[in-house]
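Secondary and tertiary structure notes
Chain residues, written in single-letter form:
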Amino acid sequence: MALQATTGARVDWVDYAKGWCIVLVVMMHSTLGVGDAMGSEGWLHHFVEWARPFRMPDFFLVAGLFLHRTIDRDWRSYGDRKVVHFLYFYTVWLLIQAVLKLWPHDAAGFGDALTLFGGRLAWAYVEPFSTLWFIYLLPVFFIVTKLLRRVPVMLVLAAAAGLQMARIHTGYTMVDEFTDRYVYFFAGYAFSARFFAFAAWVRAKPAAGIAGLLVWGVSNGVVVVAGFSLLPGVSLLLGFAGALAVIAFAALLSRRDLLPPLRYAGANSIVVYLAFFLPMAATRVIFIKFGLVGDVGTLSLIVTAVAVVVPLLLHLAVRNTRARFLFERPQAFRLERQPARLLPAE
């Protein structure tokens, strides 16, 4: 087989792609947060803007690549792995973030504060909270895709593309993000074999892959600078082109395992996604308060690195303790009977 798998039947290039995706997402939040706090933009803002057309499309496309393995399972098994699994982690990390962000410190008393807090928590299951919207939306994608699995692929793809180009903005995250992102997730599921074949081709012809990446990188930048990247149709093409570029980049890295830390981050991308918010905010506040770094771009890069690394270290620290429920789903929160063990976030 042309695609080399890591121990545990993981596919190296997929982990590299997921690692690059999660770094881009954390970088975006870190850079924009630092820029807002310091009242200016830095050099990393330009890179973040360059990555905007493909940052989330590639994340969702990669998320759909292995769905064909489980989509035909019965609803109980499928719901356990594709719905309850993610809702568990959404709930755990919603509670953690909510204690820090949603508790009404200005309430008249503890009773009023508790009532307001409970209402805000309940609303977070209608309108996804903060950075957790990706975890909230994935189960919706999984359910919809299973319901549509008998519908002709090209019909679903055309409808999803139409929704993306319609640029729907209701103010409700699930509706807006679903219509904007589902086409990439569905394409990852429906055409996974072709994406794997493309990765194998790049691995076999690295020179062509590198040349293609250079052409794409410049072209993507030109469209972004020209201000056309958000136009209907253009954004769709840039999203798919960027997703292919990420696959090519990941395939090239996997040929000789050039960046193992990035692959490791990809293998634990949900860990990073769930926990990056706290080290990101803490690092930003500390560095700005004490004036440790004055350059916006450099500080943004430092905050990004800390926000990626700390969740991975936390995961290693708690995995053999009672706190491992932060990243592994206990047996009590399963629909299926299985041997007593915890199920990791991915």
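1. Remarks on the layout of surface pockets
With a probe scaled to a water molecule rolled over the atoms, the places where space remains empty come into view. Size it by volume and the second largest pocket reaches roughly 750 Å³. Around the second largest pocket, the lining comprises 31 residues; the ones closest to its centre are Arg52, Arg55, Met56, Asp180 and Arg181. When contributions to the lining of the second largest pocket are tallied by element, the ones reaching two or more residues are α1 (12–38), α2 (43–51), α3 (55–63), α7 (153–166) and α8 (173–190). Within the lining of the second largest pocket, the residues separate by chemical class into 13 nonpolar, nine polar and nine charged.

2. A closer look at the pattern of salt bridges
Evaluation of the coordinates by the stated rule reveals nine salt bridges. Linking Asp80 and Arg334 is a salt bridge whose minimum nitrogen-to-oxygen distance equals 3.2 Å. Of this pair, Asp80 sits in helix α4 (residues 75–101) while Arg334 sits in the loop between β3 (328–329) and β4 (343–344), and the two are 254 residues apart along the sequence. The pair formed by Asp80 and Arg334 is uniform in burial state, with each residue classed as buried. Of the charged contacts, one joins Arg167 and Asp180 as a salt bridge, the two residues approaching to 3.6 Å between their closest N and O atoms. In this pair, Arg167 sits in the loop between α7 and α8 while Asp180 sits in helix α8, placing the two residues 13 residues apart along the sequence. Look at Arg167 and you get partly exposed, because its relative accessible area is 26%. By relative accessible area, which is 15% here, Asp180 ends up buried. Put simply, Arg167, Glu177, Asp180 and Arg181 are held in one network by salt bridges that share partners.

3. Examining the packing of α1 against helix α12 (residues 260–267)
Interaxial distance between α1 and α12 falls to 6 Å at its minimum, and their mutual angle equals 85°. Judged by the inter-axis angle, α1 sits roughly perpendicular to α12. Where α1 abuts α12, its residues Asp12, Asp15, Tyr16, Lys18, Gly19, Trp20, Ile22 and Val23 lie against Pro260, Leu262, Arg263, Ala265, Gly266 and Ala267. The residue makeup of the contact of α1 with α12, split by class, is eight nonpolar, two polar and four charged.

4. A few points about α8
The end-to-end C-alpha separation of α8 is 25 Å, in line with the 26 Å expected for 18 residues at 1.5 Å each. Of all the bends in α8, the greatest measures close to 50° and is centred on Arg181.

5. Quick look at helix α11 (residues 234–255)
An ideal rise of 1.5 Å per residue puts 32 Å on 22 residues; α11 measures up with 32 Å between its terminal C-alpha atoms. Just downstream of α11, Asp257 is the residue with a positive phi angle, here 50°.

How each quantity is defined
- Residues numbered from 1 in each chain as written.
- Predicted model: local features only at pLDDT ≥ 70, side-chain atom pairs only at ≥ 80, totals over all residues.
- Heavy atoms only, no water.
- 1 Å grid on protein atoms, 1.4 Å probe; cavity = no way out; pocket = protein on both sides within 12 Å on 5 of 7 lines; lining within 4 Å.
- Points joined across faces, edges and corners; volume = space filled by probe spheres on them.
- Helix = DSSP H or I, 4+ residues; strand = E, 2+ residues; numbered from the N terminus.
- Nonpolar A, V, L, I, M, F, W, Y, C, P; charged D, E, K, R; others polar.
- Salt bridge = Lys/Arg side-chain N within 4 Å of Asp/Glu carboxyl O.
- Buried < 20%, exposed > 50% of the residue type's maximum accessible area, 1.4 Å probe, protein only.
- Axes fitted to C-alpha atoms, helices over the stretch in contact; angles between N-to-C directions.
- Parallel < 35°, antiparallel > 145°, perpendicular 65-115°, else oblique.
- Contact = heavy atoms within 4.5 Å.
- Expected span 1.5 Å × (residues − 1).
- Bend = angle between axes of the 7 residues up to and from the residue.

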